[in-house]
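Chain by chain, the residues run as shown.
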Amino acid sequence: MDYFDRWKSKIERLIEEHPVQIVSWEATRDCNLNCLHCGSPRETWNREQELSAEEVIRVFNDIAEQFDMFKFRHINITGGEPFVRRDLIDILKEISKKSCFRNIDIQTNGVILADKSELLNIVKQYGVTGIGVSIDGLKQTHERFRGCRDGSFEKSLRTAKLASQKGYVVTFSTVAHSENIGELPELFKLARDVVGARYFRVMKLDCIGRTNLNRNYLLSPEQMRQVVSFLHQQYVQDFQTYANPKSTMVELGCAGWLGRRLEGEVNPFFFHCIGGINNLGILYDGKISSCSNISRDFIQGDVRKDNLKDVWENRFKEFRSFDWKKKGDCKDCSEWQYCHGGPMHKRLKDGTMIDCSYKMIIEGKDYRKTLPDKAFTTVAGN
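All values reported here derive from a predicted model rather than from experimental measurement. Each chain has its residues counted from 1, running along the sequence as written. Residues qualify for local features only when their pLDDT is at least 70, as the model is predicted, and side-chain atom pairs are given and counted only at 80 or more; totals for whole chains, interfaces and linings, by contrast, use all residues. Values shown for side chains rest on all heavy atoms present in the structure; no hydrogens or waters enter the calculation.

Looking now at the side chain of Arg29. Put simply, DSSP H or I for four residues or longer makes a helix, DSSP E for two residues or longer makes a strand, and each gets a number counted from the N terminus. The residue Arg29 is located in the loop between β1 (22-26) and α2 (53-66) in this model. Each residue is placed in one exposure class: buried if its accessible area under a 1.4 Å probe, protein chains only, is under 20% of its type's maximum, exposed if it is over 50%, and partly exposed if it falls in between. The exposure class of Arg29 is buried, given its relative accessible area of 1%. Within the local environment of Arg29, its side chain forms a polar contact with the side chain of Glu26, the two groups lying 2.9 Å apart. N or O atoms within 3.5 Å of each other form a polar contact, as long as, within protein, one can give a hydrogen and the other can take it, and as long as residues adjacent in sequence are counted only when both atoms are side-chain atoms.

In structure tokens:
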């Protein structure tokens, strides 16, 4: 049995057991920026529907009581921008009283933290160990893509550097799009030499949310190959240093399975979507799903009405059985047994797929030409 088969057996066992090991909480869809690619845009946010601090605390208490916390790993807090929630600190203070919830990552654009750097000292008291900062290009590119005021690039960079100096595990996150792929080498140097980030995480731009209105930023197959080639080169060059916790590791985030020729060559892991498998998602309005980038068509329940354990055990079939996705490019694909149709955020309810990174790289398939006029996912809708 080769290592791909051993890995496949491990994934199949994880799917069968589906322990809750990660909780992704979408703290809000409110935000202080206006990014062209946002998958959870502010215009879909309904303030009246947002979970209150008391409701959020109750949800995490339920998680601690209903699931096996010996298997639990961490909480991932996303947005919108989490730090626009004025009660975020109060929530962290309460949930971190449970020792199982003292390994928390927060994904941020870094602007608020740059102006209120004392928050980095405060949240560290309450179990936050990781800070992910989104920087999507050098200054001009970043500020145009993120629809932000002059100076925000420096603020995001300053936050990432300060978080690293304060001992956080820092992820320097970059969405690869048509206008910044030539800047990836320079961005990596910033992440490694200026910030001292542990991870330089590159995510392929997908046609979800606001990207539907800005499709000119989508990658061509050749550009996708450029991204993977850069990461592969960096990974091979620096692989021996990754054991050093002060080194900067590259990874390709949630782009999907790349095929057996490339898997494990651009990431320190093989990819399989973990949504609904060991990753439980709580959306800003209490809906139960997985990560916030997945279409709201795949919502499984509501924390205000349903028992979390019951929902997790009995309603996540679409996340754990994959034949409904075996259509189109997936139907006769030789890689199916490993990827099971790829990331859930690339699927519509009927199984239609946005794109396949493997097909883009190996066959040069250009999915930009086949996207329908209608917004392709409903993650931005209600």
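With that out of the way, let us pick up the nonpolar core. Membership of the largest hydrophobic core comes to 101 residues, with the highest contact counts inside it found for Ile63, Leu92, Phe172, Phe200 and Leu280. Counting 10 residues, the second largest nonpolar core, distinct from the first, contains Val175, Met203, Leu205 and Leu218. Nine residue types can take part in a nonpolar core, namely buried Ala, Val, Leu, Ile, Met, Phe, Trp, Tyr and Cys, and a core is a set of them joined through side-chain atoms within 4.5 Å.

Here we come to the pattern of salt bridges. In what follows, salt bridge is the name for a side-chain nitrogen of Lys or Arg lying within 4 Å of a carboxyl oxygen of Asp or Glu. As enumerated under the stated definition, the model contains 30 salt bridges in all. Of the charged contacts in the structure, one is a salt bridge between Arg201 and Glu251, with a shortest N-O distance of 2.9 Å. Of this pair, Arg201 sits in strand β6 (residues 199-204) while Glu251 sits in strand β7 (residues 249-253), and the two are 50 residues apart along the sequence. Each member of the salt-bridge network shares a partner with another, and the members are Lys204, Asp206, Lys346 and Asp355.

With that settled, the discussion passes to unusual backbone geometry. Of the consecutive residues Gly79 and Gly80, the connecting peptide bond is found in the cis state with omega at 15°. The residue Gly80 is located in the loop between β2 (74-78) and α3 (88-95) in this model. One non-glycine residue with positive phi stands out, namely Cys254, at about 55°. One can find Cys254 in the loop between β7 and β8 (279-282). Phi angles above zero are rare outside glycine, and His340 is one such case at about 55°.

Right, let's talk about the packing of aromatic side chains for a bit. Side-chain rings of Phe, Tyr and Trp, where Trp is taken by its six-membered ring, are said to pair if the distance between their centres is within 6.5 Å; with planes under 30 degrees apart they count as stacked, over 60 as edge-to-face, and otherwise as tilted. Counting across every chain of the model gives 23 aromatic pairs. For the pair Phe60 and Phe101, a centre-to-centre distance of 5.5 Å together with 80° between the ring planes defines the contact as edge-to-face. Taken together, the residues Phe60 in helix α2 and Phe101 in the loop between α3 and β3 (104-108) connect sequence positions 41 residues apart. Here the two residues Phe60 and Phe101 agree in accessibility, since each one is buried.

Strands sit in the order β7-β6-β5-β4-β3-β2-β1-β8-β9-β10 across an open sheet of 10 strands; the sheet is mixed. The two strands at the open ends of the sheet, each matched to only one other strand, are β7 and β10 (301-302). Pairing between two strands requires that DSSP report at least two bridges joining them. One ladder, built from 5 bridges, connects β3 with strand β4 (residues 128-134); its direction is parallel. Residue pairing in the sheet places Gln107 in a bridge with Gly132 of β4. Lying on the sheet, α2 is in contact with β1, β2 and β8; it crosses β1 at an angle near 170°. By definition in these notes, contact holds between two residues if any of their heavy atoms fall within 4.5 Å. In this description, a line fitted to the C-alpha atoms serves as the axis of each element, helices being fitted only across the stretch in contact, and the angle between N-to-C directions of two axes falls anywhere from 0 to 180 degrees.

Another aspect to go through is the pairing of strand β5 (residues 169-176). Within β5, 7 of the 8 residues are buried, leaving the element largely enclosed by the surrounding structure. Looking at chain direction, β4 and β5 are connected through 5 bridges and run parallel. Each residue of the ladder has a partner; that of Val133, found in β5, is Phe172. Sheet topology places β5 next to β6; 6 bridges connect them, and they run parallel. Its bridge partner lying in β6, Phe172 is registered against Phe200. By convention a crossover is right-handed if, when the strands point away from the viewer, the path from the first strand over the helix to the second runs clockwise. Running through helix α8 (residues 184-195), the crossover from β5 to the neighbouring parallel element β6 is right-handed.

Within the secondary structure layout, Arg85 lies in the loop between β2 and α3. A polar contact is formed between the side chain of Arg85 and the backbone oxygen of Ala27, at a distance of 3.0 Å. When near neighbours in sequence (up to four residues on either side) are disregarded, Arg85 contacts Trp25, Ala27, Thr28, Glu50, Leu51, Ser52, Ala53, Val56 and Ile91.

Taking 1.5 Å per residue as the helical rise, helix α7 (residues 152-165) with its 14 residues ought to reach 20 Å, and the 20 Å between its terminal C-alpha atoms agrees with that figure. For α7, the set of buried residues is Ser152, Phe153, Ser156, Leu157, Thr159, Ala160 and Ala163. For α7, the angular spread of the buried residues around the axis is 155°, confining them to a single face. If you follow the buried residues of α7, they end up packed against α4 (111-115), α5 (118-125), β4, α6 (139-145), β5 and α8. Count one or two residues on from α7 and you reach Gly167, which has phi positive near 95°. Residue count minus one, scaled by 1.5 Å, sets the expected span of a helix. Arc definition: it is the arc formed by the directions from the helix axis to the C-beta atoms.

The terminal C-alpha atoms of α2, which comprises 14 residues, lie 20 Å apart, in line with the 20 Å expected from a rise of 1.5 Å per residue. For α2, every residue scored as buried is listed here: Ala53, Val56, Ile57, Val59, Phe60, Ile63 and Ala64. With its buried residues spanning 155° around the axis, α2 presents them on a single face. Along α2, exposed side chains directed more than 90 degrees from the buried face belong to Glu54 and Glu65. The inward-facing, buried residues of α2 contact β1, β2, α3, β8 and α10 (308-314).

What follows deals with the state of the cysteines. Each disulfide consists of a covalent bond between the sulfur atoms of two cysteine residues. Disulfide assignment relies on a single distance test, namely cysteine sulfur atoms paired within 2.5 Å. Under the definition given, this model contains 0 disulfides. The thiol of Cys35 is not disulfide-bonded; the next cysteine sulfur, from Cys31, is found 5.9 Å away. For Cys339, which is in no disulfide, the shortest distance to another cysteine sulfur is to Cys330 and amounts to 5.8 Å. Assessed through its relative accessible area of 13%, Cys339 is described here as buried.

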